[in-house]
Structure formats: C-alpha cells, structure tokens
Amino acid sequence: MTRCAIIGAGLAGLTAAYQLRQELPEAEIDVWEGSERIGGKLHTVPFDGGPVDMGAEAFLARRQDAHEFFAELGLADEIVYPSGLRPLLYSEGQTHALPTGGVMGIPASGAAVAGLVSPETVAAIDAEADREPIAWEVGGDQSLGALVRDRYGDEVVDRCVSALLGGVYSCGADDLGVRATVPALAEALDQLARDGQPVTLSAAVGKVASSSSSKPTGTAAKPSPVFGTFRKGYATLYERLAEATRAEIYLETFVTGIQAVTGQGGAALYRLTGMGVDDTLYDAVLVATPAPMASRILKSLPGATAQAAEHLSSIKLASSAVVGLRFASDVDPEGGALPENSGILVAADQPGVTAKAFTLSSRKWPHVAKQGTILRASFGRFGDDAIARAPEDELVDHALDDLKTLTGFDGRAAGVEEIYTQRWFGGLPRYDHTHIETVRRAEQALADADRVAATGAWAGGVGVPAVIAHARRTAQNLAQQLNS
C-alpha cells in the first residue's frame, strides 16, 4: 500500500491531495495541518446574512484550466460574476475614476492619468519614448517600482501602481518584480529588445494594452468577466476538495521536519517529526506550506532537498489584515451613502488614511448584495507588520474613520451589525525581481529529490488558478515517481 503525506491543508495542499487521489486511487493519503481549520488563505466566514470571504475573494475567470477543474469537482454551477461596477482611486484628498487603458496602473500616455498626477508628470510620461532606452535583459527581471519611478516618476508609482498592486500582493510596487507580477509587460519589453526597437516603458505598455483590447474583426460580443467567485464563498471549493481527497486530515499538528529511514528491501521511507504527528512511514511527502516553513521542513533532509530549502529561505512574506463589516443600511442618517462602485483603492502616498483599500462587496457582487450592506477594509503591505498586529478595536476604528474620510458615509451612525477581523501573518510571498529565479533554482534542486516535493503560492504565482495548476503538476510528477 502506497502512503503519501501532505503537509498543509490550504488550497495547494488540498489540490495536491485531490490530484494524488486521481493518480493513485488506492493510496493512503494523510494531510497534516498546523491550524484549526482547512483552507489556508481561503476563509469563508458565516455572517448572519450569508457566507462572506475574508481571504481571497475572486479568481481570474479567463483561466480555462481553472474552469475545467471546478467543473471536474462539480462546482461549475456555483460560479458567479461581479456586477461590472468600477473601483475608485483615492488620492490627494479626493476620489478619482480608476484610470483605464494601461497595465496594472501603468499608463501608456499622460492623458490617461491627467488630473491624478501633476502636469509635470503627464509631460514626463509623454516624453518617455524619446529618452535613452531601458537597459532591459531579455528573460530577466527588474524592480517594477524602480523601473516606473525612473521612466514616469514617483507619482505614477505611489498613486496608481502601488494602489492597484497593494491589494493583490500586499506589497508596494518597489517590492515587486516586473516579470514576477506583470509578466505580459515583461514579455513586451523582451519583444522590443528582440526586434531591435527602442525599449521604452510607454511602448511596452502600449503593446500589452493593444493586445488585450484586440478582438477579431466583426466581433461584437460583450467581453467575458475578468473575475469570478463562488456563490457561497471559497468554502465551497476547499470543502469539496477535502471530501474528494478521501484523505485523513489532521488539524492542529505542527510538522517541523522529515526523517529518511530505510524500509524493507532497502527502499527509502519518510517519517514526519513535530508536535501531534505519529510514527507512520510514508513513501512520499509533499510540502504545501509558505516558503519559509517549507524551507525549515525540507532542510531536515540532506542533498538536493536541503539545497532547495536554502533557496526557499530567501523568500520573504507580507502580512495583512482584513476587517469585514455589515451595516444596517448603505445610507447614514445624514444622507451619506456608499458610492455605486466596486471598491476604493488608496494611493500609497495619501496621508491620514490607514486602509490600503475597501472592497464594497455588496456593490461588487450581486449575490452578496442580497445578504445586506457588506464591505471589507484591507490593511498592510510588506514591511508593515505592525498594522496587522494592531488590536481589533483599533483596526475597526481605522476602517470606519477611513471609510467616512473617503466616502462621507458614517458607518457608525448607519449601524454596524456585524464585524469580523482576519489577520494574515505572512499571507503572501514577496514576488520581487529575484523571485522567479529563486523558484527556478528551488524546483531544479527538488527535481533531484527522491519522492519529496513542494508546492504553494510561492511556486506557481499569485491567485487561485495559479496555485491549483502548480499543485496539480507537482502531484502528477510525484505520482509518476511512485509508479516508476
């Protein structure tokens, strides 16, 4: 009987367990999870009006592989889409329509951000194409923030790019790599360099924007939604996965290492070490935890596995916090109302505002609107763990004060009916300009490991579809080793 251990019951671990079950129907699969619940960074909370996600709330709906996977799980009919309302951007003490036509807040021309940045910055953007070309290495990476600051100026980074990326990555643009976070832009820069054309930011952004907006001649179909989610929250997904794995899932156990032992016939077997684990011997182990924890676990083994651990140890994590609020009304007694927008992003250089963004959930998602007036306030970027550790009362006060500053809506007066605070310590990897190379080296080392593998958000990139795809590939490769 083949026995497999998976360390971590988040999305990556549960997906890997599911895929192993498909590849090895008769295997015994144990999943070891350190926290008191499954789901990892997916967390659906039972508000009185209905379930609300306090972790990731959406996935890229244009990933066909994700749709196929959800259909395989029998969840196709559970997917819903947003209302189509646009977010606002708060900067210089007022809200603006979020600029369109660029790439993750990076404009192709000054006109796109006129009114949001100074006339001098608008002029600098429009003159960028005439400057000395960017020293861009094909296939390489650079700091996204440093690149945009150099070519367009600080205002574009702080008021546009970091505002957009802060909610996705819990990092400012300076802590992120171009290729690691905006691969389409990196590919456009590559193409300019290969074609012998001047490598400029405006030309690369223009390439990406024109490519994404192009459609076949004569096509008048409405664009498909960019994002989707599950009607009853991500618990729909992680609970279905847990059921389909037919695995034993052990909660509140803390795996600290792996020991290699010699089994009958001289074959290598593995035993987990830590708190709450037993002496079961496994034919294979798959580590599905954040990179620093994966590094600590893997370094307990010698050779290629320890080499992979060394690479993973350099990956840093960003912490954040989310405050979910349900109000009695979306209009306060003085007539202040929540805007008819999907959310509000906050410029990184905006003084006096602690939140980095608000998701107006009951505006963004029609199915949530049926549950009442609900929103989420997000806090924290890489390097600022203090806000994630702040007392709940302090976070709630920041959320309500900032909401009134941004919208004029007095949530206290409207009536706060429900509060949920979720802290994500080390919630996301920092996808900096060295991240892709670090992952490549770690995976190269793990390729030489004997039936030990690793996956997680650090490996395949941010977002639910990316995590699922990498976890499935990793489990398939591990099954091939076991079957060979």
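Note that the structure is predicted; figures quoted are calculated from it, not measured.

Engineer: Give me the overall build of the protein chain: which residues, what numbers.
Structural biologist: When helices and strands are tallied, the protein chain shows 18 helices and 20 strands. The C-alpha atoms of the protein chain give a radius of gyration of 23 Å, which matches the 23 Å a tight globule of 484 residues would have. Relative to its 484 residues, the protein chain shows a buried fraction of 54%. As displayed, the protein chain offers around 20,400 Å² of accessible surface, 49% of which is attributable to carbon and sulfur atoms.

Engineer: Quick rundown of the sheet that holds strand β16 (residues 343–346)? Include the residues and the values.
Structural biologist: Judged by pairing direction, the sheet is mixed, and its 7 strands sit side by side in the order β8-β7-β16-β17-β18-β15-β19 without closing on themselves. Looking at the sheet topology across the chains shown, the edges are occupied by β8 (94–97) and β19 (416–429). Each strand axis lies, on average, 25° off the axis of its neighbour in the sheet, ignoring direction. Bridging between strand β7 (residues 88–91) and β8 involves 4 bridges; their strand directions are antiparallel. Bridge pairing in β8 places Leu 89 opposite His 96. Along the sheet, helix α14 (residues 392–407) makes contact with β7, β8, β15 (317–327), β16, β17 (357–359), β18 (373–379) and β19, crossing β15 at roughly 70°.

Engineer: I'd like to hear about the sheet that holds strand β6 (residues 79–80), residue by residue, with values.
Structural biologist: Neighbouring strands of a sheet are bound in pairs by backbone hydrogen bonds; such pairs are parallel or else antiparallel. Across the sheet, which stays open at both edges, the 3 strands sit in the order β5-β9-β6 with antiparallel pairing between neighbours. Whereas interior strands pair on both sides, the edge strands pair on one side only; in this sheet they are β5 (59–60) and β6. Examined bridge by bridge, β6 and strand β9 (residues 227–230) share 2 bridges and lie antiparallel to one another. Along β9, the bridge assignment pairs Val 80 with Thr 229.

Engineer: Explain the packing of aromatic side chains to me, using residue names and the numbers behind them.
Structural biologist: With the rule as written, the count across this model stands at 9 aromatic pairs. With 4.3 Å between their ring centres and 15° between their planes, Trp 32 and Tyr 250 make a pair best called stacked. Here Trp 32, found in strand β2 (residues 28–32), pairs with Tyr 250, found in strand β10 (residues 248–250); they are 218 residues apart in sequence, far enough to count as distant. Geometrically, the ring pair formed by Phe 70 and Phe 230 is edge-to-face, given 5.0 Å between the ring centres and 80° between the ring planes. Taken together, the residues Phe 70 in helix α2 (residues 64–72) and Phe 230 in strand β9 connect sequence positions 160 residues apart. Classification of Phe 230 by relative accessible area gives buried; the value is 0%. Joined through ring pairs, the aromatic side chains of Tyr 18, Phe 59, Phe 69, Phe 70, Phe 230 and Tyr 234 make up one cluster. Sitting above the plane of the Phe 227 ring, Lys 364 keeps its charged end 5.9 Å from the centroid.

Engineer: Let's hear about the side chain of Glu 418: which residues, and what values?
Structural biologist: Position of Glu 418 among the secondary structure elements: in strand β19. A relative accessible area of 14% places Glu 418 in the buried class. Reaching out from Glu 418, the side chain makes a polar contact with the backbone nitrogen of Asp 48 at a distance of 3.0 Å. There is a polar contact of 3.0 Å between the side chain of Glu 418 and the side chain of Arg 326. Setting aside residues no more than four positions away along its own chain, Glu 418 makes contact with Pro 46, Phe 47, Asp 48, Gly 324, Leu 325 and Arg 326.

Engineer: Explain the nonpolar core residue by residue, including any values.
Structural biologist: Ranked by size, the top nonpolar core spans 44 residues in total, and within it Phe 70, Leu 237 and Val 464 carry the most contacts. Every element with two or more residues in this core is listed here: β1 (3–7), α1 (11–23), β2, α2, α9 (235–245), β14 (284–287) and α18 (464–483). Element by element, the count of residues in this core is highest for α18, at 8 residues. Setting aside chain neighbours within four positions, we find Phe 70 in contact with Phe 59, Leu 75, Ala 76, Ile 79, Phe 230, Leu 237, Val 464 and Ile 468. Val 161, Val 182, Val 205 and Ala 318 belong to the second largest nonpolar core, which has 42 residues in total.

Engineer: Describe a nonpolar patch on the surface, with residues and values.
Structural biologist: There is a patch of nonpolar side chains on the surface, built from Leu 60, Val 226 and Phe 227 and spanning about 240 Å² of accessible area. For Val 226, the location among the structural elements is in the loop between α8 (201–213) and β9.

Engineer: Tell me about the packing of helix α10 (residues 291–298) against helix α11 (residues 304–312), residues and numbers included.
Structural biologist: It is at 8 Å that the axes of α10 and α11 come closest, and there the two elements cross at 150°. Accordingly, the angle class assigned to the pair α10 and α11 is roughly antiparallel. Relative to α11, α10 is oriented so that their crossing is left-handed. Taken together, the residues of α11 that come into contact with α10 (itself represented by Ala 291, Ala 294, Ser 295 and Leu 298) are Thr 305, Ala 306, Ala 309 and Leu 312. Classifying every residue of the contact of α10 with α11 by side-chain character gives 6 nonpolar, 2 polar and no charged.

About the cut-offs
- Residues numbered from 1 in each chain as written.
- Predicted model: local features only at pLDDT ≥ 70, side-chain atom pairs only at ≥ 80, totals over all residues.
- Heavy atoms only, no water.
- Helix = DSSP H or I, 4+ residues; strand = E, 2+ residues; numbered from the N terminus.
- Rg over C-alpha atoms; globule rule 2.2 N^0.38 Å.
- Buried < 20%, exposed > 50% of the residue type's maximum accessible area, 1.4 Å probe, protein only.
- Areas by Shrake-Rupley, 256 points an atom, 1.4 Å probe, with all protein chains shown as cover.
- Pairing = 2+ DSSP bridges.
- Axes fitted to C-alpha atoms, helices over the stretch in contact; angles between N-to-C directions.
- Contact = heavy atoms within 4.5 Å.
- Phe/Tyr/Trp six-rings, centres within 6.5 Å; stacked < 30°, edge-to-face > 60°.
- Lys NZ or Arg CZ within 6 Å of the ring centre and 35° of its normal.
- Polar contact = N/O pair within 3.5 Å; in protein donor to acceptor, adjacent residues only side chain to side chain.
- Core = buried A, V, L, I, M, F, W, Y, C linked by side-chain atoms within 4.5 Å.
- Patch = residues over 30% accessible without salt bridge, like charges linked within 9 Å, V, L, I, M, F, W, Y side chains within 5 Å.
- Salt bridge = Lys/Arg side-chain N within 4 Å of Asp/Glu carboxyl O.
- Parallel < 35°, antiparallel > 145°, perpendicular 65-115°, else oblique.
- Left-handed = near helix turned anticlockwise from the far one by under 90°.
- Nonpolar A, V, L, I, M, F, W, Y, C, P; charged D, E, K, R; others polar.

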